[in-house]
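Breakdown of the fold
If you want the building blocks of each chain, they are given just below.
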Number of protein chains: 2
Amino acid sequence: MDVPIVQKILKANDDLAGDVRSLFEAHNLTAVNLMSSPGAGKTSLIEAALPLLTANLRVAVIEGDPETALDAERIAIHNVPVVQIETAGGCHLEAHLVKKALDQFDLNVLDLVLIENVGNLICPAEFDLGESYRVAVVSVPEGHDKPVKYPKVFRMADAIVLNKADLLPHVPFDTATFDESVTRLNPRAPVMRTSCMDNTGIDAWTAWLRSRIVREATI
Amino acid sequence: MDVPIVQKILKANDDLAGDVRSLFEAHNLTAVNLMSSPGAGKTSLIEAALPLLTANLRVAVIEGDPETALDAERIAIHNVPVVQIETAGGCHLEAHLVKKALDQFDLNVLDLVLIENVGNLICPAEFDLGESYRVAVVSVPEGHDKPVKYPKVFRMADAIVLNKADLLPHVPFDTATFDESVTRLNPRAPVMRTSCMDNTGIDAWTAWLRSRIVREATI
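Since the structure is predicted, the reported quantities are computational estimates derived from the model, not experimental observations. (Residues numbered from 1 in each chain as written. Chains lettered and ligands numbered in written order. Predicted model: local features only at pLDDT ≥ 70, side-chain atom pairs only at ≥ 80, totals over all residues. Heavy atoms only, no water.)

All names here are of chain A. Every buried residue of helix α7 (residues 175-185) is accounted for by Phe178, Ser181, Val182 and Leu185. Viewed end-on, α7 has its buried residues packed into an arc of 95°, placing them on one side of the element. Within α7, the exposed residues directed more than 90 degrees away from the buried face are Ala176 and Arg184. Buried residues along α7 sit against β5 (133-139), α5 (146-149), α6 (151-155), β6 (159-163) and β7 (191-193). With a side-chain oxygen lying 3.1 Å from the backbone nitrogen of Ala176, the N-terminal cap of α7 falls on Asp174. (Buried < 20%, exposed > 50% of the residue type's maximum accessible area, 1.4 Å probe, protein only. Helix = DSSP H or I, 4+ residues; strand = E, 2+ residues; numbered from the N terminus. Arc of directions from axis to C-beta. Contact = heavy atoms within 4.5 Å. Polar contact = N/O pair within 3.5 Å; in protein donor to acceptor, adjacent residues only side chain to side chain.)

In structure tokens:
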């Protein structure tokens, strides 16, 4: 009964996402949408990449959370433009929110926009934001079974990050099962193992982001 | 624009939740709805409690996941009646799904139904399942800032479980900030610190569940 209504909401979002995508393309801008459960380490992965990226790239960040501007406050310390979207309890970002956030940036002087979605392994996968690439982040303590239980976000990802690798010695996590399941769900996406505690894989993560840049490095 | 539609869906759910609640009450049954992010350890907390509870209580379990019956398979090993609800990508359980799952149990011979919601710290809080009590589970590696960012599920909880306490020495987690924020959001709910790895707090968690039982212990 409610399916047609949901379809209508998704159609409206897709139309707006098309506008956002055109805006990014017109400015030769790369936009990356990071999706994960709450607390998988999206903000920390952005924080770890920023010092390496901003050496010669101009980066802005959009933060999404149901409440608070805590994440934007963390990002602002790195001296990059940042906007916090508080969804007032909403479970995902939508294209109209991203479009509005982009009003706060001068797109002519940016190379990369990192969009941290609301912490939710399900709903964000339904909403195109006009991003160029999608990254699925999952953390070791969540368990090796998350890809098969929550497959959509892994299937659609352009890259998959297994974060908090430093916790592997401390939790039950079957890396073989994890690797097999993500490769089966998405043979195309590179899988990077990272830790923001001991810096494991941060070079690879940053190099992947850098490889997505359209614009020639400009600063 | 979509608010009235969402209200209609919620109203239909609330009506059905009322039916489910009446069903539980008619059978002097306690039902507990466990809500958390993916991988916070809901299934492990149920697994840890079952051997202690089933000594003199009759327990059934309803498992919710977007895909797979992996959790129901884990519970079935404990020789209790269990139903897996696969939501086909859906981000929360609804009352009509619980009502249908209950068809699989003989409610006359049960004392407690544990309902493990889909792993999602946002959407499940919107949908009454007819449960008697709600438990919010959050795990240490998710970070101490989760209650203030995702407050609704903590505000409505009858008990709050901080799981994976064994990881406290290995991750940045400010216990004072966490404790202060959950007490401020919900002064009424007891906060239990647990670990399914070293059994910390499992006695308290099980005792809390046991204290919710309506029916006199019958076996």
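From this point, things continue past the structure.
For the rest of this paragraph, the subject is the packing of helix α2 (residues 42-53) of chain B against helix α8 (residues 202-211) of chain B. Residue and element names in this part refer to chain B. Packing of α2 against α8 brings their axes to within 10 Å, and their N-to-C directions diverge by 70°. Relative to α8, α2 is oriented roughly perpendicular. For the pair α2 and α8, the sense of crossing is right-handed. Together, Leu45, Ala48, Ala49, Leu52 and Leu53 of α2 and Ile202, Asp203, Trp205, Thr206, Leu209 and Arg210 of α8 make up the contact between the two elements. (Axes fitted to C-alpha atoms, helices over the stretch in contact; angles between N-to-C directions. Parallel < 35°, antiparallel > 145°, perpendicular 65-115°, else oblique. Left-handed = near helix turned anticlockwise from the far one by under 90°.)

What follows is about empty space enclosed by the protein. The final tally for this structure, using the stated rule, is one cavity of 30 Å³ or more. A volume near 70 Å³ is recorded for the largest cavity. In this structure, the largest cavity is lined by 14 residues; those nearest its centre are Ser139(A), Glu142(A), Ser139(B), Pro141(B) and Glu142(B). Here the residues of the lining of the largest cavity sort into six nonpolar, four polar and four charged. (1 Å grid on protein atoms, 1.4 Å probe; cavity = no way out; pocket = protein on both sides within 12 Å on 5 of 7 lines; lining within 4 Å. Points joined across faces, edges and corners; volume = space filled by probe spheres on them. Nonpolar A, V, L, I, M, F, W, Y, C, P; charged D, E, K, R; others polar.)

A separate point is the confidence of the model for chain A. Scored by pLDDT, chain A comes out at a mean of 95, with 96% of its residues at no less than 70. For this predicted complex, the interface confidence comes out at an ipTM of 0.94, alongside a pTM of 0.95. (pLDDT = per-residue confidence, 0-100.)

What follows is about the packing of aromatic side chains. Taken as a whole and judged by the stated rule, the model has four aromatic pairs over all chains. On the numbers, 6.1 Å between centres and 80° between planes, the contact of Tyr133(B) with Trp208(B) is edge-to-face. Of this pair, Tyr133(B) sits in strand β5 (residues 133-139) while Trp208(B) sits in helix α8, and the two are 75 residues apart along the sequence. Overall, the relative accessible area of 8% leaves Trp208(B) in the buried class. Between Phe173(B) and Phe178(B), the aromatic rings sit 5.5 Å apart at their centres with planes inclined by 45°, giving tilted as the arrangement. A relative accessible area of 13% places Phe173(B) in the buried class. Over the aromatic face of Tyr133(A) sits the side chain of Arg212(A), whose NZ or CZ is 5.1 Å from the ring centroid. (Phe/Tyr/Trp six-rings, centres within 6.5 Å; stacked < 30°, edge-to-face > 60°. Lys NZ or Arg CZ within 6 Å of the ring centre and 35° of its normal.)

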